[in-house]
Amino acid sequence: MGGVVAAGHPLSAEAGADVLREGGNAVDAAVAAVLASFAVESPLTGFGAGGFMMVHRDGETALLDFFVAAPGREGIERGAELVPVPVHFDAETVQTFYVGPASCGVPGTAAGLEEALRRFGTMPLAELAKAGIRLAREGAPVNAEQAYILDILAPIHDRLEGTRELYAPDGRTLREGESFRFPELAEALERFGAEGAEPFCRGEVAAALSAHVVERGGTLGAGDLAAYEVVERPPIRIAFRGTEVLTNPPPSSGGVLIAYCLGLLERMGQESGPEQLVAAMGAANDARGEAFAEALYGDDLAPSLLEATTLDAKAGDLLGSTTHISVLDQDGACAAVTCSNGSGSGVLVPGTGVILNNMLGEEDLNPLGFHAIAPGRRVPSMMAPTVVLRDGEIELGLGSAGSNRIRSAILQTVVRAVEQRMGADAAVRAPRLHFEQGIVQSEPGIDEAALARLEGRGVPVLRRPAINLFFGGVQAVARDPASGALSGGGDPRRGGAVTMV
């Protein structure tokens, strides 16, 4: 077997698999799949987004941080306000996103993918961009999951010229089975393949992005784009059920909260049922206060939060109580990469193929308040590409989309795969719950007796009628430690797909 790719769209997965068939490695395949996702998952990713890539190979693991940074280096005064837009996941679940030019942070995907390929790849960037170019230019049918995303994000896309015409070319939002084309993105991908990140950071594209946003009241300066740098960070590590879990470190918040929950579950008994999961999630919610948000930018948060005595003490108290792609290649190397545009700002810069992010308007990511992050600092993120090692060998690589539900989706998938020994596909498909703001939200299939016990202790439980994108979109790849057999799981909540090579 030559490898396995799990992605949020079948065509993204196929683009990565084609690269493995051509002799590329896991990072080559991940980059190709990400670029293809720009064309077929454009509302949630693209050159206006940011992300992270975890790479494990030859016994070493590295995390590349190319997430969105706060603008403002040039002292440009904000001339517009964030625009609140409610997004209805279903009749019962509404989340407000804040959009418009004032929400746009400094994107990092162009720089990040170029750096990942330079460090770890083997194939030319122009070759890896071909699938994305073709899909953007020729178009691809909108599948059911993308139709749902376009529908729920229509209030954002309809606000501004550009995204309105892109996603509703005939005056109504594209529907399942209709073809979506993005010719300007095809041109941007061609330029990226030929010239790399330079045009997007310091060249014509960067100048166009800054001018368009600043003219409309945002603060994204040309100097912000030119100063952007990819940062390599050492992953944080936590022991769980005989494995070592490596995930995204601060200033991302998702990884350290996942590690904190796993450390608590390790100390709360041999089984992590709904009640244990809710207790661990509640402890993570409690830990995420104002001091936590500021501590993300220091060096002491992860060591202090994950220190054994801290976990022991907290567990003792409790016992009473965006797009992701994962790739494993034939040599055992793994690349897990998560990219996100947030909900998108609605700002499509003419002539660039770039829809800018709304990370400055993502309430989940700005606990200290909108526009409170110092210029040049990374916006905190819940995104947490993660790998699980057993005896130093890769056993699982995964990550998720899903805003603030990313951490609960990854946490539960790790528990199912490692503790409960489910296969990757079963672990991804298993029903999930999420605990936040004092309410447990539960998909069908969670142990009803355990939910009833939670309610008996005064915890409200909202039972959802069906699985939903609200609970994340995990894409996972796995390697059996005994046989070496590869497998994967694509999340049905997101239209995920697995392609074996």
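Before any of the text, the structure's been laid out above.
The shown structure was predicted, so the numbers you read here are calculated from the model rather than taken from an experiment.

Calculation criteria
Residues numbered from 1 in each chain as written. Predicted model: local features only at pLDDT ≥ 70, side-chain atom pairs only at ≥ 80, totals over all residues. Heavy atoms only, no water. Helix = DSSP H or I, 4+ residues; strand = E, 2+ residues; numbered from the N terminus. Rg over C-alpha atoms; globule rule 2.2 N^0.38 Å. Buried < 20%, exposed > 50% of the residue type's maximum accessible area, 1.4 Å probe, protein only. Areas by Shrake-Rupley, 256 points an atom, 1.4 Å probe, with all protein chains shown as cover. Lys, Arg positive; Asp, Glu negative; His and termini not counted. Charge placed at Lys NZ, Arg CZ, Asp CG, Glu CD. Salt bridge = Lys/Arg side-chain N within 4 Å of Asp/Glu carboxyl O. Contact = heavy atoms within 4.5 Å. Pairing = 2+ DSSP bridges. Axes fitted to C-alpha atoms, helices over the stretch in contact; angles between N-to-C directions. Parallel < 35°, antiparallel > 145°, perpendicular 65-115°, else oblique. Left-handed = near helix turned anticlockwise from the far one by under 90°. Nonpolar A, V, L, I, M, F, W, Y, C, P; charged D, E, K, R; others polar. Expected span 1.5 Å × (residues − 1). Polar contact = N/O pair within 3.5 Å; in protein donor to acceptor, adjacent residues only side chain to side chain. Phe/Tyr/Trp six-rings, centres within 6.5 Å; stacked < 30°, edge-to-face > 60°. Lys NZ or Arg CZ within 6 Å of the ring centre and 35° of its normal.

Of regular secondary structure, the protein chain possesses 20 helices and 22 strands. Computed over its C-alpha atoms, the radius of gyration of the protein chain comes to 21 Å, within 12% of the 23 Å expected for a compact globule of 501 residues. Oriented by its inertia axes, the alpha-carbon framework of the protein chain measures out at about 60 × 50 × 45 Å. Within the protein chain, the proportion of its 501 residues that are buried is 62%. Carbon and sulfur atoms make up 49% of the accessible area of the protein chain, which totals about 17400 Å². The protein chain carries 39 positive and 64 negative side-chain charges, and their two centres are separated by 2 Å.

Inspection of the entire model under this criterion finds 29 salt bridges. R390 serves as the salt-bridge partner of E395, at 2.5 Å between the closest nitrogen and oxygen. Through salt bridges with shared partners, a single network forms among R432, E443, D491 and R493.

With respect to the helices and strands, P385 occurs in the loop between β14 (354-355) and β15 (386-390). The class for P385 is buried, based on a relative accessible area of 0%. Contact partners of P385, with chain neighbours within four places excluded, come to F52, M53, M54, L63, L246, T247, N248, H324, A336, T338 and L398.

The strand order β9-β10-β15-β16-β20-β21 describes an open sheet built from six strands, whose pairing is antiparallel. Looking at which strands have only one partner, the edges of the open sheet turn out to be β9 (236-240) and β21 (486-490). Strand-to-strand, the axes of this sheet are offset by a mean angle of 15°, without reference to chain direction. As paired strands, β15 and strand β16 (residues 393-401) are joined by five bridges and run antiparallel to one another. Counterpart to T386 in the pairing with β16 is L398. Against the sheet, helix α13 (residues 254-267) makes contact with β9 and β10 (243-247), and its axis sits at roughly 20° relative to β9, the strand it touches most. The strands touched by helix α18 (residues 406-419) are β9, β10, β15, β16 and β20 (473-479); relative to β16, the strand with the most contacts, the crossing angle is about 150°.

Axis separation between helix α1 (residues 10-21) and helix α2 (residues 26-40) bottoms out at 7 Å; the angle between their running directions is 150°. If you check the angle between α1 and α2, you find them roughly antiparallel. The hand of the α1/α2 crossing is right-handed. Counting all contacts with α1, which are made through L11, S12, A15, G16, V19 and L20, the residues of α2 involved are A26, D28, A29, A32, A33, A36, S37 and V40. Grouping the amino acids of the contact of α1 with α2 by side-chain chemistry returns ten nonpolar, three polar and one charged.

Attention now moves to α2. Between the first and last C-alpha of α2 there are 21 Å, a value that for 15 residues agrees with the 21 Å anticipated at 1.5 Å per step. In terms of burial, α2 is a largely internal element, 15 of the 15 residues being buried. One side-chain oxygen of the residue at the start of α2 lies 3.1 Å from the amide nitrogen of V27, identifying that residue as N25.

Let us look at the sheet that holds strand β17 (residues 433-436). One open sheet holds the three strands; their spatial order is β17-β18-β19, and the pairing between them is mixed. The outermost strands of the open sheet, each flanked by one partner alone, are β17 and β19 (461-463). Looking at each pair of strands side by side, their axes are set apart by 20° on average, direction ignored. Along the sheet, helix α14 (residues 274-287) makes contact with β17 and β18 (439-442), crossing β17 at roughly 35°.

Within a regular beta strand, the side chains point alternately toward one face of the sheet and then the other, so they alternate between its two faces. With four of five residues buried, β21 lies mostly within the body of the structure. In the sheet, β20 pairs with β21 via five bridges, with the strands oriented antiparallel. Directly across from V477, in β21, lies its bridge partner G488. Counting the residues that bridge the hairpin from β20 to β21 gives six residues, and of these G484 lies at a positive phi of roughly 80°.

Moving on to the packing of aromatic side chains. Throughout the structure, instances matching the rule amount to nine aromatic pairs. Ring geometry for F470 against F471: centres 5.3 Å apart, planes inclined by 85°, an arrangement best described as edge-to-face. By relative accessible area, which is 5% here, F470 ends up buried. Since its relative accessible area comes to 2%, F471 is described here as buried. Taken together, the aromatic side chains of F38, F47, F192 and F200 make up a single cluster linked through ring pairs. The ring of Y297 carries R377 above its face, with NZ or CZ at 4.0 Å from the centroid.

Moving on to helix α5 (residues 130-138). For α5, the full list of buried residues reads A131, G132, I133, L135 and A136. Taken together, the buried residues of α5 touch α1, α2, α4 (125-128), β6 (140-141), β7 (179-180) and α9 (183-195). Phi turns positive one or two residues past the end of α5, at G139, with a value near 90°.

The next point concerns the pairing of β18. Looking at chain direction, β17 and β18 are connected through four bridges and run antiparallel. When the sheet's bridge partners are listed, E436 is paired in β18 with I439.

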